[in-house]
Every structure is written in structure tokens, then in C-alpha cells.
Amino acid sequence: MCIRDSYKEKRLLVKANVASLTDLELAKKYHFDGIGLFRIEQIYMANNNLPSQGELYKILAKMLTGWEDKEIIIRLLDIGGDKILPYFEKDNLEYNVLGLRGIRFLKEHPQLLEDQLTVFLRLSAIFKKLKILIPLVSLPEDIKIVKNFLKKIKTKLKKEQLPFNEKISLGAMIETPASLFFLAEILKQVDFINIGTNDLIQYIMVADREKVKLTNYYEAGHKLVIDIIKNSDIKLVFYSSDYIFDGKNGPYSENDTPNPLSNYGKAKLESEHNIINNLNDYLIIRTTVVYGYERNRKNFVYRLIDTVNSGKIIKVPKDQIGTPTYVEDLSIATLKLIINNKNGIYNVVGPELVSRYQFSLIAADIFNLDKNLIKPVLTSELNQKAPRPLKAGLK
């Protein structure tokens, strides 16, 4: 996560990354300064049919109510790779991560691009600080195509006497190696850029971030991002883990000596070292067993709930000790550290030191789960390929 710091004003603007109404409500609850990235994919993926221009306008106008005076960066539809619309024919050769993704997909479906740009322009009459972001820009021509569409749509809206912000800002998502090579030309054509570190690292290192065996390659790519922001006014916030320790004498403090067992832990520690050795303004936040709202339902509590509610037995290690951390607490602590201009390494975790099995029983009480389906086992019985630190956790 990168937060731009306005040093002249001595104030950090913290903006939310949102994809749903729940995300927007949380951002309001914690008084975010704006929306740094609004992903609209969930709107399309939740429908059985392609939303019409009118439907999309109504959905977004309702979702954004209350954000009229805040900056909103809304991204054009980024479909492709692992995100496929059910009402479009799926061709794995065309829509994989190296195929028709982002702006490439929209160029193949020009009416879809035109509808979104029309809606965004109309919304700009209400949300004065709304900006448009183009996903997966590779070539300057990608931007030129969007600008040509905008010019045509603006002319049409004027004829229809529909209001919009004539000076609406246009930005590019820098997340491909090609966009780095063409960066000087791209900067001449846009008002701002966003750096998409996940895809940028994935493409540069040729390492799928979802593939555990490639974690060391993917994490090594963070050094490239560090080089990009080294001479900027960006504060880097990096989330690390208790997996950088061997799990013999936990819980661990910020001053304890790391000794990772797995490639994942080694990669996290290497990223920490790269940050410390190359940057002055950074936060390394170590945390563990994060639970709470997550749209992909991948964290431990979600997996526990989904497995037990489906009537299946879930085996949970009784010898893995940690400090489970509620995601909202982690977010609040991160914001406080940023706002107070803190720098360095901080452990941010929950107050309880418990085994993963004990934690699962606590969750079972809260969510009324059948405890008979939760089976305590030793870590060695799970035959996990990567070694885990057992007596771990942070303090």
C-alpha cells in the first residue's frame, strides 16, 4: 500500500480502495478523505445480464451518495484473467492474464467502453472531483483511444444538454512493464497515474501471485517497486508476518531476531531488508492470522465458517500458536501510525495468544458453528508442504 504524503500541508490524505457498498460504508465510518480506487467489476459480476447505461448510472449514483465533495477515482472495467463476466463467452486463450484484460478487453467491446465513459461523465456533474482511471495501460495508444471516446461523448452530451465536468481528469494504471518503458509519453497524455504493484510485479517477475511455489519470485519483485518510489514523496506501508520467525520462542517483539523457515517467510524478510536499506519514509507492519470482512472469503475464519456450514469436517492445528488480528483493528492502527508520521517496524496484532484450534472454537461460539466438525490435530498430521512456525505470534 502506498500513501502519497503532502509535505507542504503536513497532512496525509488517506483514501479508500473500494469495490462494494460495504467497502464504501466502512470508508465513511472511518472518515476517509476520498476514494483512491473504485473497482466496478463487482457490479458487473453480480448481474446475470450486462447492465444498461441507465442501470449503471443509477447503481453508481446511489452507491456514491455522500461522497459528492470528495475525490473519487473510478476505474474502467478491468475484466479478464480470473475475472470473467458470465454473459460473455469465455475463451481462456483470449481472456487469460496475458490476453484481453483491462483496456484491451474494452477496446474489443467498444459499446461497453462508451457506456462506462458516458456514465462517468454524467456522474461528474454531481461528483465534481470524480476522476477516470484506465486499467492495464501498455501503450500510449490505449490512452488516445479513450480520449477519442471522451471527445465524442462530450459532444453528444452537450447536444442532449446533459451536464458534466468538462475538465474531468483522466489517469493511467501503471501495471505492465511496457507502461514503464512508455512512461514519459504516457505522462504527457494523462493528468495522473496510479501504480498497480500487484500486477506490475506479477508481469515483471513472470510469477502468478496466487501460486505459493512462486512466492519468493513475487516477493523479490517488491525491490523493483522500491526503486520506482525511492526518489518520490511516497510513504511505503508494507505488511509483513510472524512467518519471518522460526516459532521456537514466540510471541516475538519488533527487536527479536528473525529466522524464517519457509520461502514465504524468507521472501517477506528479504522485502523488509530491501525497504530498510533503500527508503527513509516507510512503515513495516508485522501482523498475523488476519480475520474479518474479505470479499474473496479466503481468510481462516471464512474458511472455517464455509467448511462447517457445508457439513464437512475441518482439521485445525492445535500446536500453531498465534495472535489473531481483526482487520478493522489493523486498519485503524495503520491509519494512526500514518497520521502520526511514524516510521520503522511495528507489530500490530490482537491481544489474545491462542492456538489455531482455540481460535476456531471462539469463532464457533460467535457464529454458532457445530464444534463436532472441528477436529484438533498436530501440524505434522496436515502434511503441509511449507513449514510453519509453531510457537509464534507477535507482541
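Thresholds, definitions, all that
- Residues numbered from 1 in each chain as written.
- Predicted model: local features only at pLDDT ≥ 70, side-chain atom pairs only at ≥ 80, totals over all residues.
- Heavy atoms only, no water.
- Salt bridge = Lys/Arg side-chain N within 4 Å of Asp/Glu carboxyl O.
- Helix = DSSP H or I, 4+ residues; strand = E, 2+ residues; numbered from the N terminus.
- Buried < 20%, exposed > 50% of the residue type's maximum accessible area, 1.4 Å probe, protein only.
- Expected span 1.5 Å × (residues − 1).
- Contact = heavy atoms within 4.5 Å.
- Core = buried A, V, L, I, M, F, W, Y, C linked by side-chain atoms within 4.5 Å.
- Phe/Tyr/Trp six-rings, centres within 6.5 Å; stacked < 30°, edge-to-face > 60°.
- Lys NZ or Arg CZ within 6 Å of the ring centre and 35° of its normal.
- Patch = residues over 30% accessible without salt bridge, like charges linked within 9 Å, V, L, I, M, F, W, Y side chains within 5 Å.
- Areas by Shrake-Rupley, 256 points an atom, 1.4 Å probe, with all protein chains shown as cover.
- Pairing = 2+ DSSP bridges.
- Axes fitted to C-alpha atoms, helices over the stretch in contact; angles between N-to-C directions.
- Parallel < 35°, antiparallel > 145°, perpendicular 65-115°, else oblique.
- Left-handed = near helix turned anticlockwise from the far one by under 90°.
- Nonpolar A, V, L, I, M, F, W, Y, C, P; charged D, E, K, R; others polar.
- Polar contact = N/O pair within 3.5 Å; in protein donor to acceptor, adjacent residues only side chain to side chain.

**A word on the pattern of salt bridges**
A complete count under the given rule lists 13 salt bridges for this structure. The salt bridge involving Lys15 is made with Glu71; its shortest N-O contact spans 2.4 Å. Of this pair, Lys15 sits in strand E3 (residues 15-18) while Glu71 is found in strand E5 (residues 71-75), placing the two residues 56 residues apart along the sequence. With relative accessibility at 29%, the residue Lys15 sits in the partly exposed group. Look at Glu71 and you get buried, because its relative accessible area is 17%.

**Re helix H7 (residues 140-159)**
End to end, H7 covers 30 Å across 20 residues, agreeing with the expected 28 Å (1.5 Å per residue, within 8%). When H7 is considered as a whole, its buried residues turn out to be Pro140, Asp142, Ile143, Val146, Phe149, Leu150, Ile153, Lys154 and Leu157. Those residues of H7 hidden inside the fold are in contact with helix H5 (103-108), helix H6 (110-123), strand E6 (130-137), strand E7 (169-174) and helix H9 (183-189). Gln161 occupies a position one or two residues after H7 and carries a positive phi of about 60°.

**Quick notes on the nonpolar core**
Phe38, Ile40, Leu60, Leu117, Phe120 and Ile132 are the most contacted members of the largest nonpolar core, which has 54 residues in total. For this core, the element with the most residues is H6, which contributes 7 residues.

**A short note on unusual backbone geometry**
In this chain, Gly250 is followed by Pro251 through a cis amide linkage whose omega measures 0°. Among the structural elements, Pro251 can be located in the loop between strand E9 (234-241) and helix H13 (263-278). One non-glycine residue, Asn341, lies in the positive phi region at around 55°. Here Asn341 is to be found in the loop between helix H15 (327-339) and strand E15 (344-347). Positive phi values are uncommon outside glycine, yet Asn383 reaches one of about 55°. On the basis of relative accessibility, which here comes to 66%, the residue Asn383 falls in the exposed class.

**Overview of H6**
Note that an α-helix has 3.6 residues per turn; residues three or four places apart therefore point the same way. Its 14 residues place the ends of H6 20 Å apart at the C-alpha level, agreeing with the 20 Å of an ideal helix rising 1.5 Å per residue. When you tally the buried positions in H6, you get 11 out of 14 residues, the bulk of the element. Listed in full, the buried residues belonging to H6 are Leu112, Leu113, Glu114, Asp115, Gln116, Leu117, Thr118, Val119, Phe120, Leu121 and Leu123. Buried residues in H6 make contact with helix H2 (41-45), helix H3 (53-63), E5, H5, E6 and H7.

**Thoughts on the packing of aromatic side chains**
Tallied over the entire structure, the rule returns 5 aromatic pairs. Plain terms: the ring middles of Tyr291 and Tyr326 are 5.6 Å apart, the flat faces sit at 35° to each other, and that makes the pair tilted. Here Tyr291 is found in strand E11 (residues 290-291), whereas its partner Tyr326 is found in strand E14 (residues 325-326), with 35 residues between them in sequence. The partly exposed category is assigned to Tyr326, whose relative accessible area is 31%. Here the aromatic cluster, defined as three or more aromatic residues joined through ring pairs, consists of Tyr291, Phe300, Tyr326 and Phe359. We note Arg122 situated over the ring of Tyr57; from NZ or CZ to the ring centre the distance is 4.0 Å. Here the guanidinium or amino end of Arg356 rests over the ring plane of Phe300, the centre of that ring lying 5.1 Å away.

**Considering a nonpolar patch on the surface**
Judged by side-chain polarity, Leu139, Phe181 and Phe182 come together as a nonpolar surface patch covering roughly 330 Å² of accessible area. For Leu139, the position within the fold is in the loop between E6 and H7.

**Some thoughts on the pairing of strand E10 (residues 282-287)**
Here E10 lies mainly inside the structure; 6 of its 6 residues are buried. The two faces of E10 match: Tyr282, Ile284 and Arg286 on one face and Leu283, Ile285 and Thr287 on the other face are all buried. As paired elements, E10 and E15 share 4 bridges and run parallel to each other. Note on E15: the bridge partner recorded for Arg286 is Asn347.

**Thoughts on the packing of helix H14 (residues 300-309) against helix H16 (residues 356-367)**
How two helices pack is summed up by the angle between their axes together with the distance between the axes. Between H14 and H16, the shortest axis-to-axis distance is 10 Å and the interhelical angle comes to 60°. Looking at the two axes, H14 sits oblique to H16. By crossing handedness, the relation of H14 to H16 is classed as right-handed. Two secondary-structure elements touch here, H14 through Phe300, Val301, Leu304 and Ile305 and H16 through Arg356, Phe359, Ser360, Ala363 and Phe367. Of the residues belonging to the contact of H14 with H16, the class tally is 7 nonpolar, 1 polar and 1 charged.

**With respect to the side chain of Glu328**
You can see Glu328 is positioned in helix H15. Look at Glu328 and you get buried, because its relative accessible area is 15%. Within the local environment of Glu328, its side chain forms a polar contact with the side chain of Tyr30, the two groups lying 2.3 Å apart. With residues up to four places along the chain from it excluded, the contact list for Glu328 reads Leu26, Lys29 and Tyr30.

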